[in-house]
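An overview of the molecular structure
Now for the letters of each chain:
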Amino acid sequence: MTDCIFCKLAAGELPTNKVYEDDEVFAFHDIHPVAPVHFLIIPKQHVDSLAHTDDSHQALLGRMLLLAPRLAAQLGLEQGFRTIINTGHGGGQTFFHLHLHVIGGAPLSPNIVELSTH
């Protein structure tokens, strides 16, 4: 997808504060963090949302979820963190490339955090 900002970030076409990269996934700090630590994990393959996944994405989704605690620990979130995947307009998604938010480093409200920028 040529107009997807997350595809451009993963391809190195736009600057970002990278946290991690391998052949399948890319992680970077959110430009509008809602906590001291707030980064996103995205697949390099364009997938619009979690609702657009199927059995062929099982390994990729597992890779993203298993990477979250490892990167969270590297960034100092030993006391815990929150993960959020906004899906579709009704789920608050505004960038239509699947992405997993990892948030922590400060007390978080038990209520769902609004992520108006993603």
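Rules behind the numbers
- Each chain has its residues counted from 1, following the order in which its sequence is written.
- With the structure being a predicted model, the display of local features is reserved for residues of pLDDT at least 70 and the display and counting of side-chain atom pairs for 80 or more, all residues being used for whole-chain, interface and lining totals.
- By convention in this description, side-chain values take in all heavy atoms of the structure and omit both hydrogens and water.
- Going along the chain from the N terminus, every DSSP run of H or I of four or more residues is numbered as a helix, and every run of E of two or more is numbered as a strand.
- The globule rule used for comparison is 2.2 Å times the number of residues to the exponent 0.38, while the radius of gyration itself is calculated over C-alpha atoms.
- Per-residue accessibility, obtained with a 1.4 Å probe over protein chains only, is compared with the maximum for each type, and a residue is labelled buried under 20%, exposed over 50%, and partly exposed between these values.
- Residues are treated as being in contact if the distance between any of their heavy atoms lies within 4.5 Å.
- Exposure was quantified through the Shrake-Rupley algorithm and a 1.4 Å probe, taking into account, for residues, occlusion by the shown protein chains and nothing else.
- We score Asp and Glu as negative and Lys and Arg as positive, and we do not count His or the chain ends.
- By convention, charge coordinates are those of NZ in Lys, CZ in Arg, CG in Asp, or CD in Glu.
- As used here, the term nonpolar core means buried Ala, Val, Leu, Ile, Met, Phe, Trp, Tyr and Cys residues forming a set that is joined through side-chain atoms within 4.5 Å.
- The definition of a polar contact used here is a pair of N or O atoms within 3.5 Å, where within protein one atom must be able to donate a hydrogen and the other to accept one, and adjacent residues in sequence count solely through side-chain atom pairs.
- A pair of strands is labelled paired if DSSP reports no fewer than 2 bridges between them.
- Geometry of aromatic contacts follows a simple scheme: Phe, Tyr and Trp rings, the Trp one being its six-membered ring, pair when their centres are within 6.5 Å, and the pair is stacked under 30 degrees between planes, edge-to-face over 60, tilted otherwise.

Here we look at the overall build of the protein
- Tallying secondary structure elements over the protein gives two helices and five strands in all.
- Each helix (α) and strand (β) of the protein, taken in turn from the N terminus, gives the series α-β-β-β-α-β-β.
- Its C-alpha atoms give the protein a radius of gyration of 14 Å, near enough to 13 Å, the size a compact globule of 118 residues would have.
- Out of the 118 residues belonging to the protein, those deemed buried represent 37%.
- Taking all contacts inside the protein whose residues are at least 6 apart in sequence as the whole, residues at least 24 apart take part in 55%.
- A total accessible area of about 6700 Å² is found for the protein, and carbon and sulfur atoms account for 54% of it.
- Distance between charge centres in the protein, computed from 6 positive and 12 negative side chains, equals 6 Å.

Side note on the environment of valine 37
- In this fold, valine 37 is placed in strand 3 (residues 37-43).
- For valine 37, a relative accessible area of 12% translates into the label buried.
- For valine 37, the residues in contact, after removing those within four places along its chain, are Leu75, Leu77, Val102, Ile103 and Gly104.

Brief notes about the nonpolar core
- Val25, Phe39, Ile41, Met64, Leu71 and Val102 are the most contacted members of the largest nonpolar core, which has 17 residues in total.
- Secondary structure elements with two or more residues in this core: strand 2 (25-29), strand 3, helix 2 (58-74) and strand 5 (100-104).
- Examining the composition of this core, we find that six residues originate from one element, helix 2, more than from any other.
- In this structure leucine 71 touches Val19, Tyr20, Ala27, Phe39 and Ile41, once residues within four positions along its chain are discounted.
- Listed in part, the nine residues of the second largest apolar core include Phe6, Leu9, Phe26 and Ile42.

Description of the side chain of glutamine 93
- Looking at the secondary structure, you find glutamine 93 in the loop between strand 4 (82-84) and strand 5.
- Using a relative accessible area of 2% as the deciding quantity, one classes glutamine 93 as buried.
- Looking at glutamine 93, its side chain comes within polar contact range of the main-chain oxygen of aspartate 48, at 2.9 Å.

A few points about the pairing of strand 5
- Burial analysis of strand 5 places five of its five residues in the buried class, which makes it a mostly covered element.
- Here strand 3 pairs with strand 5 via five bridges, running antiparallel. In the strand pairing of strand 5, valine 37 is matched with glycine 104.
- Direction of pairing for strand 4 relative to strand 5: antiparallel, over a ladder of three bridges. Bridge assignment links threonine 83 to a residue of strand 5, and that residue is valine 102.

With respect to the side chain of histidine 97
- Tracing the chain through its elements places histidine 97 in the loop between strand 4 and strand 5.
- Discounting chain neighbours no more than four positions away, the residues touching histidine 97 are Cys4, Phe6, Cys7, Ile42, Pro43, Lys44, Gln45, His46, Val47 and Asp48.

Brief notes about the packing of aromatic side chains
- One pass over the structure, following the stated rule, counts three aromatic pairs.
- With a centroid separation of 5.7 Å and an interplanar angle of 35 degrees, the aromatic rings of phenylalanine 26 and phenylalanine 28 are classed as tilted.
- The exposure class of phenylalanine 26 is buried, given its relative accessible area of 3%.
- Looking at phenylalanine 28, the relative accessible area reads 4%, which means it is buried.
- Feature note: the residues Phe6, Phe26, Phe28 and Phe95 constitute an aromatic cluster, connected by ring pairs.

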